[in-house]
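Read off the chains here:
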2 protein chains.
Amino acid sequence: MEIRIGDLAKRSGCEVVTIRYYEKEGLLPKPARSGGNFRLYGEAHIERLQFIRHCRSLDMTLSEIRALLGLRDNPMQDCGEVNTLLEAHIQQVEMRVSALLQLKRHLVDLREKCSGSRSVEACGILQGLGNCNCHGESATKSQTSG
Amino acid sequence: MEIRIGDLAKRSGCEVVTIRYYEKEGLLPKPARSGGNFRLYGEAHIERLQFIRHCRSLDMTLSEIRALLGLRDNPMQDCGEVNTLLEAHIQQVEMRVSALLQLKRHLVDLREKCSGSRSVEACGILQGLGNCNCHGESATKSQTSG
DNA sequence: TACAAACCCTATAGTTACTATAGAGTCAAG
DNA sequence: CTTGACTCTATAGTAACTATAGGGTTTGTA
């Protein structure tokens, strides 16, 4: 049972270019090729790609996934590392949530500052954004996926 | 009162390279130069950079900040756009929080699956990551700042 | 005056996880 | 034999920086 990259893409809910990208990054092994140089995938590839996509849906980085795949490929190892990795990931998510909640409080405070003046010059929001004595870093990075 | 880029960096809690980057991106106007070709900044630059950094600390994108700066530079305009932009940003943050909370529930569920087997082969977590019928996209992008 | 440390300059490449584009080859149906 | 859907490689772009290379300037001090 050998399928081409487009079918693999459909089965995994993942774009063709992304599959090629994972191959380049070493997450997916290089598949066999057809006479016309098309990639041919088998069961193992399908399952591995689904594993990767599931991890990605849990917002793991490719480097975390690489680590999990490495553990999976050596099944005799202690599974403590799997737990450790997952635990660290959960903590990251928790930190991100609390940073975002704090951020939201600031934004909502700021929203209250518009006096309804109708002119940019007098808008309390822009003034609120100008006067700041906090020199900290941004709480979080990046935007929600489109 | 003219200060050099290093002093501006200290005052704004922002790295030197980042200031140059903002200049290249058109967020900061090109400053005067000294005889030795060093950038020389005045009050207006300092205030503008602080505005930018405050917006960044609220996780706004450079493009959102560009829009706010544009409004600030034309103070006679209606301030409704400022409110709209802020409102949209708050909604983005809210969406991101709820996506992350859902994500966390999945991760915590997964954590429970390790049976304490001590071998990767039998680890319920890796098995849980392999069997997935959800072909959806990742809920969020990127990691918390380091 | 000589020298070093601290500062500054430009230009380029790397980061993450893809996405988009260009230009070409392969395969099945009509 | 041509059309269309599919595939191939290689390269550049995205966001907001960070890192590096290779040099010039200023300031303090011996």
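Keep in mind it's a predicted model, so treat the numbers as computed, not measured.

Caption draft 1: Up close: the side chain of Glu 64 of chain B. All names here are of chain B. Topologically, Glu 64 is positioned in helix α4 (residues 62-72). The side chain of Glu 64 sits in the buried core without any salt bridge; Arg 56 is the nearest counter-charge, 7.0 Å away. Those residues within four positions of Glu 64 in sequence are excluded, and the remaining contacts are Asp 59, Leu 85, His 89 and Gln 92.

Caption draft 2: Looking closely at the protein's contact with DNA strand D. Around DNA strand D sit 18 residues, and of these Gly 6, Arg 20 and Arg 39 of chain A together with Tyr 21 and Arg 56 of chain B come closest. Near the protein, meaning within 4 Å, the atoms of DNA strand D are sugar or phosphate in a fraction of 85%, with bases accounting for the rest. Contact distances for DNA strand D include 3.5 Å between a base nitrogen and a side-chain N or O atom of Tyr 21 of chain B. Between DNA strand D and Gly 36 of chain B, the relevant distance is 3.2 Å, taken from a phosphate oxygen to a main-chain nitrogen or oxygen of the residue. Those elements giving two or more residues to the surface near DNA strand D turn out to be α1 (5-12) of chain A together with α2 (16-24) and α3 (43-57) of chain B. Broken down by element, the surface near DNA strand D gets its largest block of residues, three residues, from α2 of chain B. Taken together, the residues of the surface near DNA strand D break down into six nonpolar, five polar and seven charged.

Caption draft 3: Structural context of the domain arrangement of chain A. Residue and element names in this part refer to chain A. As far as domains go, chain A holds domain 1 (1-76) and domain 2 (77-109). Listed by partner, the interface residues are eleven residues for domain 1 and nine residues for domain 2. Across the domain 1 to domain 2 interface the summed buried area is about 840 Å²; carbon plus sulfur atoms make up 58%. Three residues, Asp 59, Glu 64 and Leu 71, lead the burial of domain 1 against domain 2; their summed loss comes to 52% of the area buried on that side. Between domain 1 and domain 2 we count one salt bridge in total. In this structure, Arg 96 engages Asp 59 in a salt bridge whose closest nitrogen and oxygen atoms are separated by 2.9 Å. Split into classes, the residues belonging to the side of domain 1 that touches domain 2 amount to seven nonpolar, two polar and two charged.

Caption draft 4: Structural view of the protein's contact with DNA strand C. Taken together, 18 residues form the shell around DNA strand C, and within it Tyr 21 and Arg 56 of chain A together with Gly 6, Arg 20 and Arg 39 of chain B come nearest. Taking all atoms of DNA strand C within 4 Å of the protein, the share assigned to sugar and phosphate is 85%. Gly 6 of chain B has a polar backbone atom sitting 2.7 Å from a phosphate oxygen of DNA strand C. One of the side-chain N or O atoms of Arg 33 of chain B is found 3.0 Å from a phosphate oxygen in DNA strand C. Those elements giving two or more residues to the surface near DNA strand C turn out to be α2 (16-24) and α3 (43-57) of chain A together with α1 (5-12) of chain B. Class assignment of the residues belonging to the surface near DNA strand C gives a composition of six nonpolar, five polar and seven charged.

Caption draft 5: Structural context of the packing of aromatic side chains. Residue and element names in this part refer to chain A. Applying the stated rule across the entire model yields two aromatic pairs over all chains. Taking 6.1 Å as the distance between ring centres and 45 degrees as the angle between the ring planes, the aromatic pair formed by Tyr 21 and Tyr 22 counts as tilted. Tyr 21 sits in the partly exposed class, given a relative accessible area of 38%. Against the face of Phe 51 rests Arg 72, its NZ or CZ located 4.4 Å from the ring centre.

Caption draft 6: A look at the interface of chain A and chain B. With 71 residues of chain A in contact, the opposing surface of chain B contributes 71 residues. Across the interface of chain A and chain B, roughly 6500 Å² is buried in total on both sides, 63% from carbon and sulfur atoms. Put simply, Arg 111 of chain B and Glu 87 of chain A hold a salt bridge, and the shortest N to O gap is 2.9 Å. Viewed at the interface, chain B and chain A are joined by four residue pairs in polar contact (both at pLDDT 80 or more). Those elements that place two or more of their residues in the side of chain A that touches chain B are α1, α3, α4 (62-72), α5 (80-111) and α6 (124-130) of chain A.

Caption draft 7: Expanded view of the UniProt feature "domain: HTH merR-type" (unreviewed entry) in chain A. UniProt's entry tags residues 1-71 of chain A with the feature "domain: HTH merR-type" (unreviewed entry), counted in the numbering of this structure. Each end of residues 1-71 of chain A is marked by a C-alpha atom, and these two atoms are 27 Å apart; helix forms 59% of the span and strand 6%.

Caption draft 8: Structural view of the relation of the copies chain A and chain B. With an axial shift of 0.0 Å and an RMSD of 0.2 Å, the rotation relating chain A to chain B amounts to 180 degrees. A rotation of that kind, with that shift, is consistent with a two-fold axis. The fraction of interface residues of chain A whose copies in chain B are also interface residues reaches 100%, indicating that both copies meet through the same surface.

Caption draft 9: Structural context of the packing of α3 of chain A against α4 of chain A. Residue and element names in this part refer to chain A. Axis separation between α3 and α4 bottoms out at 10 Å; the angle between their running directions is 140 degrees. Taken together, the axis directions place α3 and α4 in an arrangement best described as oblique. In this structure, α3 crosses over α4, and the sense of that crossing is right-handed. Taking contact as the criterion, the partners of Glu 47, Arg 48, Phe 51, Ile 52, Cys 55 and Arg 56 in α3 are, on α4, Leu 62, Ile 65, Leu 68, Leu 69 and Arg 72. Across the contact of α3 with α4, the residue classes break down as seven nonpolar, no polar and four charged.

Quick notes on the rules
Residues numbered from 1 in each chain as written. Chains lettered and ligands numbered in written order. Predicted model: local features only at pLDDT ≥ 70, side-chain atom pairs only at ≥ 80, totals over all residues. Heavy atoms only, no water. Helix = DSSP H or I, 4+ residues; strand = E, 2+ residues; numbered from the N terminus. Buried < 20%, exposed > 50% of the residue type's maximum accessible area, 1.4 Å probe, protein only. Lys, Arg positive; Asp, Glu negative; His and termini not counted. Salt bridge = Lys/Arg side-chain N within 4 Å of Asp/Glu carboxyl O. Contact = heavy atoms within 4.5 Å. Near = heavy atom within 4 Å. Polar contact = N/O pair within 3.5 Å; in protein donor to acceptor, adjacent residues only side chain to side chain. Nonpolar A, V, L, I, M, F, W, Y, C, P; charged D, E, K, R; others polar. Domains from an automatic or database assignment. Buried area = accessible area lost by both parts, 1.4 Å probe. Phe/Tyr/Trp six-rings, centres within 6.5 Å; stacked < 30°, edge-to-face > 60°. Lys NZ or Arg CZ within 6 Å of the ring centre and 35° of its normal. UniProt positions renumbered as here; feature names shortened; annotations may be inferred. Least-squares fit on C-alpha atoms with pLDDT ≥ 70 in both. Axes fitted to C-alpha atoms, helices over the stretch in contact; angles between N-to-C directions. Parallel < 35°, antiparallel > 145°, perpendicular 65-115°, else oblique. Left-handed = near helix turned anticlockwise from the far one by under 90°.

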